[in-house]
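# Topology and contacts: notes
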Amino acid sequence: MKYLIILIILSFCFALLYLRLRPYIATARRILDVFREARRLNVNLKPNDTQARPPAATNERLVHCAACGAWLPASRALVLRATNTVYCSPDCLERAAGQAENRKTAN
Ligand SMILES: [Zn+2]
């Protein structure tokens, strides 16, 4: 009889503990679901990521800015078609044009 009472008390304690922990267990399961979903999305995104990268960007020809001397890829350079001169930015182009203008007025 004594053992039966102890057993009932123990099972009551376990039931109480389970009811207390149930929200936490549900939350943990939801977090796990989110992680699983995120991993699935990552796996789906990886092939697209490699395709989005521009191919062979390092093989591009480098050109020399006539104003500041910086080297830059030909696709990003400003090329003056009249003289075939290369500039890295509009600033350099304007500076070179200003220098040419000054030389013209000095002579
Ligand atoms: Zn420059």
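No experiment lies behind these values; they were computed from the predicted model shown.

### What to know about the overall build of the chain
Tallying secondary structure elements over the chain gives 2 helices and 4 strands in all. For the chain, with 107 residues in total, the buried portion stands at 9%. Residue pairs at least 24 apart in sequence account for 12% of intrachain contacts in the chain once pairs closer than 6 positions are excluded. When the accessible surface of the chain is summed, it comes to about 9900 Å², and 62% of that surface belongs to carbon and sulfur atoms.

### Regarding the pattern of salt bridges
If you walk through the whole model with that rule in mind, you get 2 salt bridges. Between arginine 36 and aspartate 33 there is a salt bridge, with the nearest N and O atoms lying 3.6 Å from each other. With arginine 36 and aspartate 33 both in helix H1 (residues 2–52), this residue pair falls 3 residues apart, about one helical turn. Assessed through its relative accessible area of 40%, aspartate 33 is described here as partly exposed.

### Quick notes on the coordination of the zinc ion
The coordination sphere of the zinc ion, as far as protein atoms go, consists of Cys65 (SG), Cys68 (SG), Cys88 (SG) and Cys92 (SG), spread over 2.2 to 2.3 Å. Binding-site remark: the zinc ion is held by donors from one chain whose sequence spacing is C-x2-C-x19-C-x3-C. Remark: cysteine 88 occurs in the loop between strand E4 (85–87) and helix H2 (90–106) and cysteine 68 occurs in the loop between strand E1 (62–64) and strand E2 (71–73); sequence separation between them is 20 residues. For cysteine 68, a relative accessible area of 41% corresponds to the partly exposed category.

### A word on the nonpolar core
Counting residues in hydrophobic clusters, the biggest one holds 8 residues: Val63, Cys65, Leu72, Ala77, Val86, Tyr87, Cys92 and Ala96. Counting residues per element, the ones that place at least two in this core are E4 and H2. Sequence-distant contacts of cysteine 92, defined by excluding residues within four places in its chain, comprise Cys65, Ala67, Cys68 and Tyr87.

The rules behind each value
- Residues numbered from 1 in each chain as written.
- Predicted model: local features only at pLDDT ≥ 70, side-chain atom pairs only at ≥ 80, totals over all residues.
- Heavy atoms only, no water.
- Helix = DSSP H or I, 4+ residues; strand = E, 2+ residues; numbered from the N terminus.
- Buried < 20%, exposed > 50% of the residue type's maximum accessible area, 1.4 Å probe, protein only.
- Contact = heavy atoms within 4.5 Å.
- Areas by Shrake-Rupley, 256 points an atom, 1.4 Å probe, with all protein chains shown as cover.
- Salt bridge = Lys/Arg side-chain N within 4 Å of Asp/Glu carboxyl O.
- Donors = N, O, S within 2.8 Å, 3.2 Å for Na, K, Ca; no water.
- Core = buried A, V, L, I, M, F, W, Y, C linked by side-chain atoms within 4.5 Å.

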